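Topology and contacts: notes
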Amino acid sequence: MMKCPNCQSKDLGKIGINQYYCWNCFIELSISQETIYTHQVEEDGTLSSLDDLFDEESRRLS
C-alpha cells in the first residue's frame with residue numbers, strides 16, 4: 001500500500017492515472033518510474049513542486 005511521503009498517511013484518493021491526493025496533508029502525488037512526485041495545489045489551481053523537501057529514498061515506491 002502506498003503512503004504519503006509527507007505525513008505517512010494511507011488516506012489517499014485517486015484523482016487520475018498515476019495521480020493521487022492526500023486527504024491528510026492536502027498535497028497531490030504523481031507516480032512515474034517507481035518514484036513519487038509531490039506537489040502543493042496553489043489557490044489559483046497551479047501546482048508547485050515539493051520534491052526538494054524529500055530525499056530520493058522516501059519518494060521511492062516500496
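Placed above this text is the structure.
The structure contained in this document is the topic of the report that follows. Predicted model only: the values in this text are computed from it and were never measured. (Residues numbered from 1 in each chain as written. Predicted model: local features only at pLDDT ≥ 70, side-chain atom pairs only at ≥ 80, totals over all residues. Heavy atoms only, no water.)

Another point: the environment of Leu50. Tracing the sequence through the fold places Leu50 in the segment after strand 5 (47-49). You can call Leu50 buried: its relative accessible area is 14%. Each C-alpha atom of the pair Leu50 and Leu29 lies 9.8 Å from the other, and the pair is 21 residues apart in sequence. Sequence-distant contacts of Leu50, defined by excluding residues within four places in its chain, comprise Ile27, Thr38, His39 and Gln40. (Helix = DSSP H or I, 4+ residues; strand = E, 2+ residues; numbered from the N terminus. Buried < 20%, exposed > 50% of the residue type's maximum accessible area, 1.4 Å probe, protein only. Contact = heavy atoms within 4.5 Å.)

Counting ten residues, the largest nonpolar core consists of Met2, Cys4, Tyr20, Cys22, Ile27, Leu29, Ile31, Ile36, Leu50 and Phe54. Where this core is concerned, the elements lending two or more residues are strand 2 (19-22) and strand 3 (27-32). Apart from the residues within four sequence positions on either side, Leu29 is in contact with Met2, Cys4, Pro5, Leu12, Asn18, Gln19, Tyr20, Ile36, Tyr37 and Thr38. (Core = buried A, V, L, I, M, F, W, Y, C linked by side-chain atoms within 4.5 Å.)

Below, the discussion takes up the pairing of strand 3. Remark: a regular strand shows side chains that alternate across the two faces of the sheet. Most of strand 3 sits inside the fold, with five of its six residues counted as buried. In this structure, strand 2 lies alongside strand 3, joined through three bridges in antiparallel fashion. Bridge pairing in strand 3 links Tyr20 to Leu29. Looking at chain direction, strand 3 and strand 4 (residues 35-41) are connected through six bridges and run antiparallel. In the sheet register, Ile31 faces strand 4, and the bridge partner there is Ile36. Counted between consecutive antiparallel strands, the loop separating strand 3 from strand 4 contains two residues, among which Gln33 sits at a positive phi close to 50 degrees. (Pairing = 2+ DSSP bridges.)

The next point concerns the sheet that holds strand 1 (residues 12-16). Pairing is antiparallel in the open sheet, where five strands are placed in the order 1-2-3-4-5. Taken across any chain shown, the strands that pair with only one partner, and hence form the sheet edges, are strand 1 and strand 5. With strand direction ignored, the average angle separating the axes of adjacent strands in the sheet is 35 degrees. With four bridges joining them, strand 1 and strand 2 adopt antiparallel strand pairing. From the neighbouring strand, Gly16 faces strand 2, where its bridge partner is Gln19. (Axes fitted to C-alpha atoms, helices over the stretch in contact; angles between N-to-C directions.)

The quantities given are spatial measurements derived from coordinates; they are silent on function.
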